Amino acid sequence: MQLLVVSEWIAPICEVTKVPRYSKMAERPEDLNLPQSVIGRIMKDAVPDGVSVSKEARNAVSKAASVFVLYATSCANNQALQAKRKTLSANDVFQALRDMEFEEFIEPLQASLEEFRKDQKTKKEAQEQRKKVKDNSGDSSGGGKDATGGAEDKTDEDEDDEGIEEEEEEEDDDGNDDEDDDDDDDDDDGDDGWVKKRKLVRQRKTKKKMKMAQDPQL
Amino acid sequence: MIKAEKEQKPFSGGLPTARIRTIMKSSPEIDVISQESLHLITKATELFVHALSQEGHRKTGKDVTYKCLAQVVEEHDSFQFLSDILPQKVKVRDFYQSLQEEGSTDTITLS
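Position numbers for residues count from 1 along each chain, tracking the sequence in the order it is written. Chains carry letters from A onward and ligands carry numbers from 1 onward, assigned in written order. Reporting in this predicted model follows two pLDDT cut-offs: at least 70 for local features of residues, and 80 or more for side-chain atom pairs to be given and counted; totals over whole chains, interfaces and linings ignore these cut-offs and use all residues. The side-chain quantities take in all heavy atoms of the structure and omit both hydrogens and water.

A. Expanded view of the interface of chain A and chain B. Every residue pair with non-hydrogen atoms within 4.5 Å of one another is taken to be in contact. Tallying the contact residues gives 73 residues for chain A and 62 residues for chain B. A simple way to read buried area is as the amount of 1.4 Å-probe accessible surface that goes missing from two parts once joined, with both sides added. Summing the contributions of chain A and of chain B, the shared interface buries around 6000 Å²; its carbon and sulfur component is 67%. In what follows, salt bridge is the name for a side-chain nitrogen of Lys or Arg lying within 4 Å of a carboxyl oxygen of Asp or Glu. On inspection of chain A and its partner chain B, the count reaches three salt bridges. The shortest N-O distance in the salt bridge between Glu36(B) and Arg117(A) comes to 2.7 Å. The term polar contact refers here to a pair of N or O atoms within 3.5 Å; inside protein, the definition further demands a hydrogen-donor-capable atom paired with an acceptor-capable atom, and it admits residues adjacent in sequence only when both atoms are side-chain atoms. Linking chain A with chain B are eleven residue pairs in polar contact (both at pLDDT 80 or more). Listing elements by their share of the side of chain A that touches chain B, those giving two or more residues are α2 (36-46), α3 (55-82), β1 (87-88), α4 (90-99), α5 (106-142), α6 (150-174) and α7 (178-184) of chain A. Of the residues forming the side of chain A that touches chain B, the biggest block, 17 residues, is contributed by α3(A). Alignment of β1(A) against strand β1 (residues 32-33) of chain B, held across two bridges, turns out to be parallel. Looking at β1(B), one finds that Thr87(A) is bridged to Val32(B). Strands are runs of DSSP state E lasting at least two residues, helices are runs of H or I lasting at least four, and both sets are numbered from the N terminus onward. Two strands pair under a simple rule: DSSP has to find at least two bridges between them.

Printed below as a string of structure tokens:
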């Protein structure tokens, strides 16, 4: 009886834990500031060596950048509204930049977008591959039910894979992998190993969750 | 290794997309933000910071200070939207002076 009661609770909790990632709102005013260190670095990169950037200037630019984000967002949103769409697309952003008289940004951004798309593609493929390798090795060491039932086990694993992949893809579409996004930007080569590890940990967690959600039903 | 990579690129940037998303979501009419547009806005913001500080440096050819940034905002059309966030600093003395001048002109026009 008790187990049943618990099982009724676990599933909703699993659902609830997902929610904050989709509706991440600014809870404190500091949440709307951009990190000073990054702003400072970009500014330093923009001016020749030996030229310093005053703290006051950095604060002002950081504020300006936040306003720029809002301005660009609302311009892009206007574009989307005009076309009666609800999702901001890449073209909306480009059109918004044209409206804002920042045409000079468009060309580098287009290149960046291409890169981004390629990245996403390769990442997805790599993820799928990694998952397969991981699951195969993980189940053989951890599960180890029978030496004879190897073939059957494999088919089971494949089914498992598909289920997880679908879930992962959904996450990607919504683009709420907030934690990972921070790393995704530029240092793809440098931090990849670390990101991989984190992703693996996350996968394990989701797997556990799924098992927890499924087991009581069985 | 990572450092060397960053030095190669003119603006490696690396503004956190999560934060940018939070800022974007803070405006009420925004519904859904596609991954691509989020990436573009993040990159555009990096370019914007780069451009603004570059212009500020070009203004004086010296260190980047608040003053030259405010000047850039005032003079460039595309940065006009920042005029409330980055206003020119005015000394109290000058402010009073301009107030008085305005007042005097007002009184003249009134009389």
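So much for the structure itself; the text now carries on.
B. Spatial organisation of the confidence of the model for chain A. Residue and element names in this part refer to chain A. Every residue is assigned a pLDDT by the predictor, reflecting its confidence on a scale from 0 to 100. When the pLDDT values of chain A are averaged, the result is 70; 58% of them are 70 or greater. The element-level mean pLDDT for chain A is lowest in α7, coming to 40, with α3 highest at 91. In this model residues 13-23 is a low-confidence stretch, pLDDT under 50, and it forms twelve contacts with partners more than four residues away in sequence or in other chains.

C. Helix α4 (residues 66-75) of chain B, seen in detail. Relative accessible area decides the class of each residue, using a 1.4 Å probe on protein chains only: under 20% of the type maximum gives buried, over 50% gives exposed, and in between gives partly exposed. Every buried residue of α4(B) is listed here: Tyr66(B), Cys68(B), Leu69(B), Ala70(B), Val72(B) and Val73(B). Looking at the packing, one finds that the buried side of α4(B) touches α3 of chain A together with α3 (35-60) of chain B.

D. Region of interest: α4(A). What α4(A) keeps buried is the set Ala90(A), Asp92(A), Val93(A), Phe94(A), Ala96(A) and Leu97(A). Glu101(A), located one to two residues past α4(A), shows a positive phi value of around 65 degrees.

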